[in-house]
Amino acid sequence: MNSRHATTTLWRPTGPKELELVRELDRRAWPPRLPEQPIFYPVLDEDYAVRIARDWNVKHDGAGFVTRFEVESEFLRRYPVQQAGGQTILELWVPAEDLEEFNAHSVGRIQVIHEFR
């Protein structure tokens with residue numbers, strides 16, 4: 001990515017509704033969380049994102065997508081890596097109220113790299 005700051009690649013498994021909202025934001029930002037979603041959690045491993053999109057989003061939403069995007073590394077340091085299971089099940093837990101600032105530190109566009117139906 002062309003940025004004056006170093007970036008970190010993150011992935012996010014998502015369903016069709018959230019992906020449509022991302023497209024409405026020109027694939028440059030994540031939409032605000034719903035009241036029942038206090039945390040936005042991007043993941044640090046593509047395979048983990050694939051498992052969630054394929055095994056959870058398809059079952060619950062009829063389709064699952066894996067997105068890839070870049071965020072300024074320095075900004076991400078405020079969010080400790082959370083191990084949500086095995087060694088490769090790593091997430092960042094971004095409070096919903098931080099999402100606007102998180103989006104401001106994203107670099108480039110959110111890309112869909114896998115689709116499951």
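Further up the page is the structure itself.
Sequence positions are assigned chain by chain, starting from 1 and proceeding in written order. Confidence filtering applies because this is a predicted model: local features only for residues at pLDDT of at least 70, side-chain atom pairs given and counted only at 80 or more, and all residues used for totals across whole chains, interfaces and linings. Only hydrogens and water are set aside; all other atoms, that is, all heavy atoms of the structure, feed into the side-chain values.

Engineer: Can you walk me through the packing of aromatic side chains in this structure?
Structural biologist: What describes a pair of aromatic rings is the distance from one ring centre to the other and the angle between the planes of the rings. Only Phe, Tyr and Trp rings are paired, with Trp represented by its six-membered ring, and only when their centres lie within 6.5 Å; those with planes under 30 degrees apart are stacked, over 60 edge-to-face, the remainder tilted. With the rule as written, the count across this model stands at six aromatic pairs. Ring centres of Phe40 and Phe102 lie 5.4 Å apart, and the angle between their planes is 65°; this geometry places the pair in the edge-to-face category. Remark: Phe102 occurs in helix α4 (residues 99-104) and Phe40 occurs in strand β2 (residues 39-40); sequence separation between them is 62 residues. Both residues of the pair, Phe40 and Phe102, belong to the buried class. Going along the chain from the N terminus, every DSSP run of H or I of four or more residues is numbered as a helix, and every run of E of two or more is numbered as a strand. The buried label goes to any residue with under 20% of its type's maximum accessible area, the exposed label to any with over 50%, and the partly exposed label to all in between, with areas taken from a 1.4 Å probe on protein chains only.

Engineer: Would you take a moment to explain helix α1 (residues 16-24) for this structure?
Structural biologist: Note that an α-helix has 3.6 residues per turn; residues three or four places apart therefore point the same way. Along α1, the residues classified as buried are Glu18, Leu19 and Val22. Along the axis of α1, the buried positions cluster into a sector of 100°, meaning they face one direction only. Opposite the buried face of α1, by more than 90 degrees, sit the exposed residues Lys17 and Glu24. Here, the arc refers to the directions that run from the helix axis to the C-beta atoms.

Engineer: Could you clarify how one ought to interpret the nonpolar core in this entry?
Structural biologist: One recurring pattern in soluble globular proteins: nonpolar side chains tend to sit buried together. Of all hydrophobic cores here, the largest spans 14 residues; its most connected members are Leu10, Trp30, Phe40, Phe69, Val71, Leu76 and Phe102. Within the residue set of this core, elements represented by two or more residues are β3 (64-72), α3 (73-76) and α4. Two residues qualify as a contact provided that any one of their heavy atoms is within 4.5 Å of a heavy atom in the partner residue. Apart from residues lying up to four places away in sequence, Phe40 is in contact with Arg12, Trp30, Arg33, Phe69, Leu92, Trp93, Val94, Leu99 and Phe102. Grouped together as the second largest cluster of nonpolar side chains are 10 residues, Trp11, Ile52, Ala53 and Val66 included. Among buried residues, those of type Ala, Val, Leu, Ile, Met, Phe, Trp, Tyr and Cys that are joined through side-chain atoms within 4.5 Å constitute a nonpolar core.

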